[in-house]
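# Inside the fold
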Amino acid sequence: MSQIQAFIFDQDGVIVDTERDGHRVAFNQTFAEFGFNVEWSVQEYHELLQVGGGKERMTHYLNTKGFGAEINPDEVSDLIQRLHRRKTDIFIELIESGSLPLRPGVRRIMEEAVDLGLTIGVCTTSNERAARAIAGTLLQGIPFAFVLAGDVVPKKKPDPAIYLLGLERGGLLAEECVVFEDSHNGAVAAKAAGMHVVATTNLYTEREDLSLADVIVTCLGDPNGPQAHLRSEARGLDLSDGCVHARDLIQLFGNATPPAVQARTWKPDA
(Lines give C-alpha, C1' and ligand atoms only; values in the text may rest on other atoms or scores of the structure.)
Protein backbone atom coordinates (compact mmCIF):
# COMPACT_ATOMS: atom_id res chain seq x y z
CA MET A 1 0.00 0.00 0.00
CA SER A 2 1.19 3.51 -0.81
CA GLN A 3 2.39 5.81 1.91
CA ILE A 4 -0.04 8.49 3.03
CA GLN A 5 1.11 11.82 1.61
CA ALA A 6 -1.84 14.15 2.22
CA PHE A 7 -4.79 15.03 4.45
CA ILE A 8 -7.62 16.73 2.57
CA PHE A 9 -10.47 18.42 4.43
CA ASP A 10 -14.03 19.25 3.56
CA GLN A 11 -14.97 22.58 5.17
CA ASP A 12 -18.59 22.86 6.32
CA GLY A 13 -19.27 20.51 9.20
CA VAL A 14 -15.66 19.28 9.30
CA ILE A 15 -13.41 22.30 9.84
CA VAL A 16 -16.16 24.50 11.26
CA ASP A 17 -19.66 23.50 12.35
CA THR A 18 -21.03 26.04 9.93
CA GLU A 19 -24.29 24.65 8.66
CA ARG A 20 -26.78 25.20 11.50
CA ASP A 21 -25.40 28.41 13.02
CA GLY A 22 -23.50 29.83 10.05
CA HIS A 23 -24.87 29.18 6.58
CA ARG A 24 -28.49 28.74 7.72
CA VAL A 25 -28.42 31.97 9.69
CA ALA A 26 -26.78 33.83 6.81
CA PHE A 27 -29.35 32.52 4.32
CA ASN A 28 -32.23 33.61 6.57
CA GLN A 29 -30.78 37.10 7.11
CA THR A 30 -30.32 37.44 3.36
CA PHE A 31 -33.90 36.40 2.58
CA ALA A 32 -35.14 38.98 5.10
CA GLU A 33 -32.99 41.74 3.60
CA PHE A 34 -34.34 40.99 0.13
CA GLY A 35 -37.91 41.07 1.41
CA PHE A 36 -38.69 37.37 0.98
CA ASN A 37 -40.88 35.65 3.55
CA VAL A 38 -38.58 32.65 3.83
CA GLU A 39 -36.96 31.31 6.99
CA TRP A 40 -35.29 27.92 6.97
CA SER A 41 -35.70 26.02 10.24
CA VAL A 42 -33.01 23.72 11.62
CA GLN A 43 -34.89 20.65 10.37
CA GLU A 44 -35.78 22.12 6.98
CA TYR A 45 -32.18 23.13 6.37
CA HIS A 46 -31.10 19.59 7.20
CA GLU A 47 -33.29 18.37 4.34
CA LEU A 48 -31.99 21.09 2.02
CA LEU A 49 -28.40 20.01 2.69
CA GLN A 50 -29.07 17.02 0.47
CA VAL A 51 -28.69 19.51 -2.39
CA GLY A 52 -24.98 20.34 -2.76
CA GLY A 53 -24.01 24.01 -3.11
CA GLY A 54 -25.67 27.20 -1.82
CA LYS A 55 -26.83 28.56 -5.18
CA GLU A 56 -28.16 25.14 -6.12
CA ARG A 57 -29.94 24.90 -2.74
CA MET A 58 -31.72 28.23 -3.22
CA THR A 59 -32.64 27.40 -6.81
CA HIS A 60 -34.09 24.05 -5.70
CA TYR A 61 -36.14 25.76 -2.97
CA LEU A 62 -37.37 28.45 -5.36
CA ASN A 63 -38.45 25.82 -7.89
CA THR A 64 -40.21 23.61 -5.34
CA LYS A 65 -41.64 26.00 -2.72
CA GLY A 66 -41.01 29.49 -3.98
CA PHE A 67 -39.87 32.63 -2.18
CA GLY A 68 -43.38 33.90 -1.47
CA ALA A 69 -43.22 36.47 -4.28
CA GLU A 70 -43.59 36.46 -8.04
CA ILE A 71 -40.21 36.26 -9.77
CA ASN A 72 -39.70 36.66 -13.51
CA PRO A 73 -38.06 33.47 -14.82
CA ASP A 74 -35.60 35.60 -16.80
CA GLU A 75 -34.41 37.18 -13.54
CA VAL A 76 -33.91 34.00 -11.52
CA SER A 77 -30.25 33.44 -12.37
CA ASP A 78 -29.26 37.02 -11.51
CA LEU A 79 -31.35 36.96 -8.33
CA ILE A 80 -29.72 33.75 -7.10
CA GLN A 81 -26.27 35.23 -7.77
CA ARG A 82 -27.11 38.41 -5.82
CA LEU A 83 -28.63 36.46 -2.94
CA HIS A 84 -25.58 34.23 -2.74
CA ARG A 85 -23.13 37.15 -2.78
CA ARG A 86 -24.96 38.83 0.11
CA LYS A 87 -25.31 35.56 2.01
CA THR A 88 -21.55 35.04 1.65
CA ASP A 89 -20.85 38.54 3.00
CA ILE A 90 -22.94 37.80 6.08
CA PHE A 91 -21.34 34.36 6.52
CA ILE A 92 -17.82 35.81 6.32
CA GLU A 93 -18.79 38.45 8.89
CA LEU A 94 -19.81 35.59 11.22
CA ILE A 95 -16.44 33.89 10.63
CA GLU A 96 -14.38 37.04 11.20
CA SER A 97 -16.34 37.91 14.34
CA GLY A 98 -15.29 34.62 15.91
CA SER A 99 -18.87 33.39 16.12
CA LEU A 100 -17.94 30.10 14.43
CA PRO A 101 -15.05 28.33 16.20
CA LEU A 102 -13.10 25.46 14.70
CA ARG A 103 -14.40 21.98 15.41
CA PRO A 104 -12.46 20.02 18.07
CA GLY A 105 -9.07 18.72 16.97
CA VAL A 106 -8.99 20.30 13.51
CA ARG A 107 -6.00 22.62 13.99
CA ARG A 108 -4.23 20.05 16.17
CA ILE A 109 -4.41 17.24 13.59
CA MET A 110 -3.44 19.61 10.77
CA GLU A 111 -0.37 20.71 12.73
CA GLU A 112 0.50 17.08 13.48
CA ALA A 113 0.23 16.25 9.78
CA VAL A 114 2.41 19.20 8.77
CA ASP A 115 5.04 18.13 11.31
CA LEU A 116 5.03 14.67 9.67
CA GLY A 117 5.58 16.22 6.25
CA LEU A 118 2.11 15.69 4.83
CA THR A 119 0.44 17.99 2.32
CA ILE A 120 -2.74 19.71 3.55
CA GLY A 121 -5.61 20.68 1.27
CA VAL A 122 -9.25 21.77 1.35
CA CYS A 123 -11.96 20.59 -1.06
CA THR A 124 -15.37 22.14 -0.40
CA THR A 125 -18.55 23.02 -2.25
CA SER A 126 -18.75 26.18 -0.13
CA ASN A 127 -18.18 29.61 -1.66
CA GLU A 128 -14.54 30.40 -2.44
CA ARG A 129 -14.54 33.63 -0.40
CA ALA A 130 -15.83 31.76 2.64
CA ALA A 131 -13.28 28.98 2.21
CA ARG A 132 -10.43 31.47 1.93
CA ALA A 133 -11.69 33.41 4.95
CA ILE A 134 -11.63 30.29 7.10
CA ALA A 135 -8.27 29.07 5.79
CA GLY A 136 -6.68 32.51 6.01
CA THR A 137 -8.04 33.59 9.40
CA LEU A 138 -9.23 30.73 11.62
CA LEU A 139 -6.46 28.48 10.26
CA GLN A 140 -3.80 31.10 9.73
CA GLY A 141 -0.34 29.50 9.76
CA ILE A 142 -1.40 26.15 8.27
CA PRO A 143 0.56 25.70 4.99
CA PHE A 144 -2.27 24.68 2.66
CA ALA A 145 -1.20 23.24 -0.67
CA PHE A 146 -4.57 24.10 -2.19
CA VAL A 147 -7.98 25.43 -1.22
CA LEU A 148 -10.54 24.37 -3.82
CA ALA A 149 -14.05 25.72 -3.44
CA GLY A 150 -17.27 26.85 -5.05
CA ASP A 151 -17.58 26.72 -8.82
CA VAL A 152 -14.02 25.53 -9.50
CA VAL A 153 -15.59 22.32 -10.86
CA PRO A 154 -18.85 21.99 -12.85
CA LYS A 155 -20.44 19.36 -10.61
CA LYS A 156 -20.75 19.38 -6.81
CA LYS A 157 -20.43 16.45 -4.40
CA PRO A 158 -21.40 13.56 -4.54
CA ASP A 159 -19.63 13.92 -7.89
CA PRO A 160 -15.88 13.30 -7.27
CA ALA A 161 -14.77 16.19 -9.53
CA ILE A 162 -13.43 18.43 -6.77
CA TYR A 163 -11.38 15.60 -5.25
CA LEU A 164 -10.02 14.60 -8.63
CA LEU A 165 -8.96 18.23 -9.11
CA GLY A 166 -7.33 18.14 -5.68
CA LEU A 167 -5.27 15.13 -6.74
CA GLU A 168 -4.19 16.99 -9.86
CA ARG A 169 -3.31 20.21 -8.01
CA GLY A 170 -1.42 18.36 -5.31
CA GLY A 171 0.38 15.95 -7.62
CA LEU A 172 -1.07 13.10 -5.57
CA LEU A 173 -2.37 9.57 -6.03
CA ALA A 174 -5.78 8.75 -4.58
CA GLU A 175 -4.44 5.99 -2.33
CA GLU A 176 -1.98 8.48 -0.81
CA CYS A 177 -4.78 10.68 0.57
CA VAL A 178 -6.97 10.69 3.66
CA VAL A 179 -10.10 12.80 3.26
CA PHE A 180 -12.02 14.22 6.23
CA GLU A 181 -15.73 14.44 5.50
CA ASP A 182 -18.95 14.69 7.48
CA SER A 183 -21.74 13.82 5.04
CA HIS A 184 -22.99 10.99 2.87
CA ASN A 185 -22.49 13.06 -0.29
CA GLY A 186 -18.94 13.92 0.75
CA ALA A 187 -18.04 10.33 1.57
CA VAL A 188 -19.48 9.17 -1.77
CA ALA A 189 -17.43 11.80 -3.62
CA ALA A 190 -14.16 10.96 -1.86
CA LYS A 191 -14.62 7.22 -2.28
CA ALA A 192 -15.52 7.67 -5.94
CA ALA A 193 -12.15 9.41 -6.29
CA GLY A 194 -10.48 6.38 -4.66
CA MET A 195 -9.44 8.00 -1.37
CA HIS A 196 -9.43 6.89 2.27
CA VAL A 197 -12.21 8.58 4.27
CA VAL A 198 -12.52 9.63 7.92
CA ALA A 199 -16.02 10.85 8.75
CA THR A 200 -16.58 13.27 11.65
CA THR A 201 -20.27 13.51 12.44
CA ASN A 202 -22.27 16.52 13.58
CA LEU A 203 -25.89 17.41 14.35
CA TYR A 204 -26.88 17.32 10.69
CA THR A 205 -24.98 14.21 9.61
CA GLU A 206 -25.02 11.88 12.62
CA ARG A 207 -27.95 9.93 11.15
CA GLU A 208 -26.73 9.90 7.56
CA ASP A 209 -25.42 6.77 5.89
CA LEU A 210 -21.66 7.11 6.32
CA SER A 211 -20.94 3.43 5.83
CA LEU A 212 -18.58 4.15 2.94
CA ALA A 213 -16.19 5.90 5.34
CA ASP A 214 -13.25 3.86 6.64
CA VAL A 215 -13.49 5.49 10.06
CA ILE A 216 -16.47 7.26 11.67
CA VAL A 217 -15.90 9.40 14.79
CA THR A 218 -17.92 12.01 16.64
CA CYS A 219 -15.10 14.54 16.25
CA LEU A 220 -11.29 14.59 16.04
CA GLY A 221 -10.98 15.44 19.73
CA ASP A 222 -8.90 17.80 21.85
CA PRO A 223 -6.87 16.82 24.96
CA ASN A 224 -8.58 19.46 27.11
CA GLY A 225 -11.85 19.66 25.21
CA PRO A 226 -14.47 17.44 23.55
CA GLN A 227 -13.32 13.85 23.19
CA ALA A 228 -13.45 11.73 20.05
CA HIS A 229 -15.55 8.57 20.15
CA LEU A 230 -15.61 5.84 17.53
CA ARG A 231 -18.89 5.22 15.76
CA SER A 232 -17.52 2.39 13.62
CA GLU A 233 -14.92 -0.30 14.12
CA ALA A 234 -11.40 0.76 13.21
CA ARG A 235 -8.80 -1.79 14.20
CA GLY A 236 -5.58 -0.24 15.46
CA LEU A 237 -6.95 3.26 15.98
CA ASP A 238 -6.08 4.34 19.51
CA LEU A 239 -8.47 6.87 21.05
CA SER A 240 -7.33 6.33 24.63
CA ASP A 241 -6.61 10.05 25.02
CA GLY A 242 -9.83 11.07 23.29
CA CYS A 243 -8.05 12.25 20.14
CA VAL A 244 -7.59 11.07 16.56
CA HIS A 245 -3.90 11.54 15.75
CA ALA A 246 -2.26 11.98 12.35
CA ARG A 247 0.38 9.31 12.96
CA ASP A 248 -2.30 6.76 13.92
CA LEU A 249 -4.20 7.40 10.69
CA ILE A 250 -1.02 6.99 8.68
CA GLN A 251 -0.45 3.64 10.34
CA LEU A 252 -4.09 2.62 10.05
CA PHE A 253 -4.04 3.12 6.31
CA GLY A 254 -0.99 0.96 5.87
CA ASN A 255 2.04 3.18 6.44
CA ALA A 256 4.23 2.63 9.49
CA THR A 257 6.73 5.36 8.58
CA PRO A 258 5.71 9.01 8.11
CA PRO A 259 6.40 10.20 4.54
CA ALA A 260 9.32 12.59 4.09
CA VAL A 261 7.78 15.13 1.73
CA GLN A 262 7.75 18.90 1.71
CA ALA A 263 4.26 20.35 2.16
CA ARG A 264 3.31 22.63 -0.71
CA THR A 265 2.00 25.99 0.43
CA TRP A 266 -1.18 27.85 -0.59
CA LYS A 267 -1.52 31.52 0.33
CA PRO A 268 -4.88 33.20 1.13
CA ASP A 269 -4.27 36.03 -1.36
CA ALA A 270 -3.19 33.74 -4.20
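In what follows, the accompanying structure is described. The structure displayed is predicted, hence computed values, not measured ones. (Residues numbered from 1 in each chain as written. Predicted model: local features only at pLDDT ≥ 70, side-chain atom pairs only at ≥ 80, totals over all residues. Heavy atoms only, no water.)

### A closer look at the packing of helix 1 (residues 18-33) against helix 4 (residues 76-96)
Pairs of packed helices are described in terms of their axes, by the angle between the two and the distance that separates them. Note the cut-off: Lines fitted to C-alpha atoms define the axes here, with helix axes fitted over just the stretch in contact, and angles between the N-to-C directions of these axes take values from 0 to 180 degrees. In DSSP terms, a helix is any run of H or I states spanning at least four residues, a strand is any run of E spanning at least two, and both are numbered starting from the N terminus. Should an angle fall under 35 degrees it is taken as roughly parallel, and over 145 as roughly antiparallel, whereas 65 to 115 is taken as roughly perpendicular and any remaining angle as oblique. Handedness of each helix crossing follows the sense of rotation of the near helix against the far helix: counterclockwise by less than a right angle gives left-handed, clockwise gives right-handed. Contact definition: two residues touch when any of their heavy atoms are within 4.5 Å. Polar here means any residue other than Ala, Val, Leu, Ile, Met, Phe, Trp, Tyr, Cys and Pro, which are nonpolar, and Asp, Glu, Lys and Arg, which are charged; Gly is therefore polar.
As a packed pair, helix 1 and helix 4 sit with axes 8 Å apart at the nearest point and diverge in direction by 130 degrees. Here helix 1 is positioned oblique relative to helix 4, judged by the angle of their axes. Considering how the two elements wind past one another, helix 1 and helix 4 form a crossing that is right-handed. Taking contact as the criterion, the partners of Thr18, Asp21, Gly22, His23, Val25, Ala26, Phe27, Gln29, Thr30, Phe31 and Glu33 in helix 1 are, on helix 4, Leu83, Arg86, Lys87, Ile90, Phe91 and Leu94. Here the residues of the contact of helix 1 with helix 4 sort into eight nonpolar, five polar and four charged.

### Side note on the pairing of strand 1 (residues 6-9)
For clarity, the threshold we go by: Three exposure classes are used, based on accessible area relative to the maximum for each residue type with a 1.4 Å probe and protein chains only: buried under 20%, partly exposed in between, and exposed over 50%. For two strands to be treated as a pair, DSSP must find no fewer than two bridges joining them.
The alternating pattern of strand 1 places Ala6 and Ile8 and Phe7 and Phe9 on opposite faces, both of which are buried. Alignment of strand 1 against strand 2 (residues 119-123), held across four bridges, turns out to be parallel. Pairing of alanine 6 across the sheet is with threonine 119, part of strand 2. In terms of strand pairing, strand 1 meets strand 4 (residues 177-181) through four bridges, oriented parallel. From the neighbouring strand, isoleucine 8 faces strand 4, where its bridge partner is valine 179.

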